[in-house]
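Chain residues, written in single-letter form:
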Amino acid sequence: MKNMKKDLGQVAIYDARELGVPRMLLLGLQHLFAMFGATVLVPILVSSYGLPLSIQTTLLFAGLGTLLFHLCTKFKVPAFLGSSFAFLGGFQAVAALDAGKFAGMTGEEKLPYALGGVVIAGLLYLVLALLFKLVGAKKVMRFFPPIVTGPIIILIGLNLSGTAIGNASTNWWLALVAIAVIIVANIWGKGMIKIIPILLGVVVSYVVALITGQVDFAAMREADIVGLQQFVIAKFDITSILVMAPIAIAAMMEHIGDISAISSTTGKNFIEDPGLHRTLLGDGLATSLAALFGAPANTTYGENTGVLALSKVYDPFVIRIAAVLAIVFSFCPKFAALIRIMPAATIGGVSMVLYGMISAVGVRNVVENKVDFTKSRNVIIAAIIMVLALGISNSDAGCVTIGSVSLSGLAVASIVGILLNAILPGKDYEFGKDEQGDTSVNFKV
């Protein structure tokens, strides 16, 4: 093999075969390690809402979804698809539904309907991909400007904040350990430490809980070392679909930002080749496939983009090695049980940072796109979106019911925001004009 002595992190490498199999496997493990904490955190958080999402199934479809994405993008884009945090608010909203057919349902019974909503949200990616292909990005994105997407993203985080406080309050000291580790790692950490603060926060807080005797190992001892995943077949209802579908708007904006970031990191324009229509297709199909069988929505992972920047190895084959490793881990119930018995306070501490970061991303989206709040149209759109989302979510009913259909606050706010932006005169956003603004949506810490 040629040029075997290339130093990792010094020279850009587009063909990892020149490094040899052992190094390729280590690089694949590094990508698995980077995505791991955030990917398994999503089913942990969703389960805390009362919806029993499986860690094993999540890992399986993170791996399968990544491989499907690579197939759709002609094996050109070095992206890993892990669990999306954008849909957490939707899962919580479905868990809280107690009207119509959802009245009296257990969390286990509601989960398939929440997943059905995610399936449809994933299919919306395909609609956007087709529009991108047919009419171009600028004409499509004018309907999703930062004055709409920014407040929606802010509200995804704010609507989840109560759950974070509830979990953290079970043991504030343990929650504060997780928060402190995340902050230190993210601000002062170097290299790999800096790009996995969430994972480190979970691990350190968990270890403190183990040392102080706050973890019950009974469930882990009873779990098998090898076992199949727990599949849940999605069910479809218009209410849960309307809760989940609007979240796709924010998730798709994040996708565009991530692909732009990967392009910038690797020095290749993936927006042009293979094209955003192909990357959206891959992400959407992976999300729908995952939700169809009991896993959360997938999304391109910024953590793995950080690994690309760190190692300077840009070969997508290394990412596919990580995907296969994720699939292998998904067959270990004992490992899933170890994750599941994590103390609620650890989850709460991590969630406080994570949910706050989601809202902060919305603020960043507004600021970096220089949204002009001296214009009445922008003030009106933002004000109505925020009041509708928060007001409806915190009302006695928690939703708006029209006939047999219940709409979450975020769904109503998204629909009204898009309509107001289309109707009111004075639009001041053009996609593609400001790269920093266009790529400012990323839910990762």
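Conventions and cut-offs
- Residues numbered from 1 in each chain as written.
- Predicted model: local features only at pLDDT ≥ 70, side-chain atom pairs only at ≥ 80, totals over all residues.
- Heavy atoms only, no water.
- Helix = DSSP H or I, 4+ residues; strand = E, 2+ residues; numbered from the N terminus.
- Buried < 20%, exposed > 50% of the residue type's maximum accessible area, 1.4 Å probe, protein only.
- Core = buried A, V, L, I, M, F, W, Y, C linked by side-chain atoms within 4.5 Å.
- Contact = heavy atoms within 4.5 Å.
- Salt bridge = Lys/Arg side-chain N within 4 Å of Asp/Glu carboxyl O.
- Axes fitted to C-alpha atoms, helices over the stretch in contact; angles between N-to-C directions.
- Parallel < 35°, antiparallel > 145°, perpendicular 65-115°, else oblique.
- Left-handed = near helix turned anticlockwise from the far one by under 90°.
- Nonpolar A, V, L, I, M, F, W, Y, C, P; charged D, E, K, R; others polar.
- Patch = residues over 30% accessible without salt bridge, like charges linked within 9 Å, V, L, I, M, F, W, Y side chains within 5 Å.
- Areas by Shrake-Rupley, 256 points an atom, 1.4 Å probe, with all protein chains shown as cover.
- Phe/Tyr/Trp six-rings, centres within 6.5 Å; stacked < 30°, edge-to-face > 60°.
- Lys NZ or Arg CZ within 6 Å of the ring centre and 35° of its normal.
- pLDDT = per-residue confidence, 0-100.

S.K.: How should unusual backbone geometry be read in this particular structure?
M.R.: Note: most residues except glycine have negative phi, and most peptide bonds are trans. The omega torsion of the bond from Asp273 to Pro274 falls at 20°, within 30 degrees of zero and hence cis. As for its placement among the helices and strands, Pro274 is situated in helix H13 (residues 271-292). A positive phi is found at Lys370, a non-glycine position, where the angle reads about 55°. Judged by its relative accessible area of 61%, Lys370 falls in the exposed class.

S.K.: Even after reading the chapter, I still don't get the nonpolar core, so can you show me in this structure?
M.R.: Within soluble globular proteins, side chains that are nonpolar generally end up buried alongside one another. Membership of the largest hydrophobic core comes to 111 residues, with the highest contact counts inside it found for Leu45, Phe85, Phe87, Leu88, Phe91 and Tyr355. Ranked by the residues each element gives to this core, the list is headed by helix H4 (residues 107-135), at 11 residues. What Phe91 contacts, discounting residues up to four positions off in sequence, is Val46, Tyr49, Leu51, Leu111, Ala114, Leu115, Val118, Met244 and Pro296.

S.K.: Which parts of the structure should I look at to understand the pattern of salt bridges?
M.R.: Pairing between side chains of opposite charge can happen when the charged atoms of each approach one another. Taken as a whole, this structure holds 4 salt bridges when the rule is applied. For the salt bridge of Lys76 with Asp273, the shortest nitrogen-to-oxygen distance reads 2.9 Å. With Lys76 in the loop between helix H2 (55-72) and strand E1 (81-83) and Asp273 in helix H13, the pair connects residues that are 197 residues apart, well separated along the chain. The class of Lys76 is partly exposed, set by a relative accessible area of 33%.

S.K.: Honestly, the packing of H4 against H13 in this entry has me stumped. Any pointers?
M.R.: The packing of two helices is summarised by the inter-axis angle and the distance between the axes. With their axes 8 Å apart at the nearest point, H4 and H13 run at an angle of 165° to one another. Taken together, the axis directions place H4 and H13 in an arrangement best described as roughly antiparallel. Both H4 and H13 take part in a crossing whose hand is left-handed. Residues Leu115, Val118, Val119, Gly122, Leu123, Tyr125, Leu126, Leu128, Ala129, Phe132 and Lys133 of H4 pack against Leu276, His277, Leu280, Leu281, Asp283, Gly284, Leu285, Thr287, Ser288, Ala291 and Leu292 of H13. Among the residues forming the contact of H4 with H13, the class breakdown is 15 nonpolar, 5 polar and 2 charged.

S.K.: I tried to follow a nonpolar patch on the surface on my own but got confused; where do I start?
M.R.: The grouping of Leu124, Val127, Leu130, Leu131, Leu134 and Val135 at the surface amounts to a nonpolar patch, some 510 Å² of accessible area in total. Looking at where Val135 falls in the secondary structure, it is placed in helix H4.

S.K.: Any chance you could explain the packing of H2 against helix H16 (residues 333-340) here in plain terms?
M.R.: Running from N to C, H2 and H16 cross one another at 115°; their axes reach a closest spacing of 9 Å. Taken together, the axis directions place H2 and H16 in an arrangement best described as roughly perpendicular. Across the interface between the two elements, Ile55, Gln56 and Leu59 of H2 pack against Pro333, Phe335, Ala336, Ile339 and Arg340 of H16. Among the residues making up the contact of H2 with H16, the classes are represented as 6 nonpolar, 1 polar and 1 charged.

S.K.: Even after reading the chapter, I still don't get the packing of aromatic side chains, so can you show me in this structure?
M.R.: The geometry of an aromatic ring pair is captured by the separation of the ring centres together with the interplanar angle, meaning the angle of the planes. Throughout the structure, instances matching the rule amount to 5 aromatic pairs. A ring pair is formed by Phe61 and Phe231, whose centres lie 6.3 Å apart and whose planes are at 80°; its orientation type is edge-to-face. Here Phe61 is found in helix H2, whereas its partner Phe231 is found in the loop between helix H10 (218-222) and helix H11 (238-244), with 170 residues between them in sequence. Seen in terms of ring centroids, Phe61 and Phe293 are 6.1 Å apart; in terms of plane orientation they differ by 5°. Their pairing is stacked. Taken together, the positions of Phe61 in helix H2 and Phe293 in the loop between H13 and strand E2 (298-300) put the pair 232 residues apart, joining distant regions of the chain. Judged by relative accessible area, which is 29%, Phe293 ranks as partly exposed. Aromatic rings pair up to connect Phe61, Phe231 and Phe293 into one cluster. Arg142 extends its terminal NZ or CZ atom over the ring of Phe143, reaching a point 5.2 Å from the ring centre.

S.K.: Looking at this structure, how should I read the confidence of the model for the protein chain?
M.R.: Regions with low pLDDT should not have their predicted coordinates read in detail. With 92% of its residues at a pLDDT of at least 70, the protein chain reaches an overall mean of 86. Confidence scores differ between elements of the protein chain, with helix H20 (residues 435-438) showing the lowest mean pLDDT of 60 and H2 the highest of 97. Per-residue pLDDT stays below 50 along residues 1-6; that stretch engages in 15 contacts with residues further than four places along the chain or on separate chains.

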